Amino acid sequence: MTINEIQDEIIEDFELFDDWEGKYEYIIDLGKKLPELAEEHKKDENIIKGCQSVVWLHAYEEGGKVFYEADSQAIIVKGLVSMLTKVLSGQPAEEIMKADLYFIDKVGLASHLAQTRSNGLVAMLKQMKNYALAFTSKEATTK
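Residues numbered from 1 in each chain as written. Predicted model: local features only at pLDDT ≥ 70, side-chain atom pairs only at ≥ 80, totals over all residues. Heavy atoms only, no water.

(A) Geometry of the overall build of the protein chain. For the protein chain, the helix and strand inventory stands at 7 helices and 2 strands. Helices and strands appear in the protein chain in the N-to-C order α-α-β-β-α-α-α-α-α. Taken over C-alpha atoms, the radius of gyration comes to 15 Å for the protein chain, in line with the 15 Å a tight globule of 143 residues would show. Here the C-alpha coordinates of the protein chain stretch approximately 50 × 30 × 25 Å along the principal axes. In the protein chain, buried positions account for 47% of the 143 residues. (Helix = DSSP H or I, 4+ residues; strand = E, 2+ residues; numbered from the N terminus. Rg over C-alpha atoms; globule rule 2.2 N^0.38 Å. Buried < 20%, exposed > 50% of the residue type's maximum accessible area, 1.4 Å probe, protein only.)

So, in structure tokens, the structure goes:
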């Protein structure tokens, strides 16, 4: 699936809920379903700067696509990062770098998250795009 197809799927999922209580529960549930990050990746250099909660993000490239694994100590943040990894993981680096993640606004995250959580979401997305850029740069130097 493309980045936009995955985003549209998330938007549809959020439309099933009438209120933000249900949407928060859904985000928490997504966090609970996020696969556990291996302990070897829970190190300082994988912590995203700018997040109020501790968030670890590990990225690797395989077959021309970038994959992300993440974890957080805060369950709501874990749910947020699970959505970002769902949208961007397994995509080509070029697509990740130019992606417009419109689902964040469409489902109301931008307006319903506390400022610190919104800042953290931006920091997570920025780091994911930075990883994609790094993989693109590495690929360019090996050609």
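(B) Representation of the layout of surface pockets in the model. Roughly 150 Å³ of volume is contained in the largest pocket. In this structure, the largest pocket is lined by Leu101, Ile104, Asp105, Ala110, Ser118, Leu121, Val122 and Leu125. At the level of secondary structure, the elements contributing two or more residues to the lining of the largest pocket comprise α5 (103–106) and α7 (115–142). No other element matches α7, which puts 4 residues into the lining of the largest pocket. (1 Å grid on protein atoms, 1.4 Å probe; cavity = no way out; pocket = protein on both sides within 12 Å on 5 of 7 lines; lining within 4 Å. Points joined across faces, edges and corners; volume = space filled by probe spheres on them.)

(C) Inspection of the environment of Asn4 at higher detail. Here Asn4 is to be found in helix α1 (residues 3–14). For Asn4, a relative accessible area of 39% gives the class partly exposed. For the pair Asn4 and Asn130, spaced 126 residues apart in the sequence, the C-alpha separation amounts to 20 Å. Apart from residues no more than four positions distant in its own chain, Asn4 is found in contact with Asp100 and Tyr102. (Contact = heavy atoms within 4.5 Å.)

(D) View of the pairing of strand β1 (residues 55–62). Bridge analysis of β1 against strand β2 (residues 65–72) gives 8 bridges, and the strand direction is antiparallel. Looking across to β2, one finds that Ala59 is bridged to Tyr68. (Pairing = 2+ DSSP bridges.)

(E) Here's a closer look at the packing of aromatic side chains. Scanning the entire structure with this criterion turns up 4 aromatic pairs. Where Phe14 meets Tyr26, the ring centres are 5.4 Å apart and the plane angle is 90°; that geometry is what we call edge-to-face. On the criterion of sequence distance, the pair formed by Phe14 in helix α1 and Tyr26 in helix α2 (residues 20–33) is long-range, its members being 12 residues apart. When its relative accessible area of 2% is taken as the criterion, Phe14 is described as buried. Here a set of aromatic residues connected by ring pairs shows up, and it is made of Phe14, Phe17 and Tyr26. The positively charged end of Lys42 is found above the aromatic ring belonging to Trp56, 5.2 Å away from the centroid. (Phe/Tyr/Trp six-rings, centres within 6.5 Å; stacked < 30°, edge-to-face > 60°. Lys NZ or Arg CZ within 6 Å of the ring centre and 35° of its normal.)

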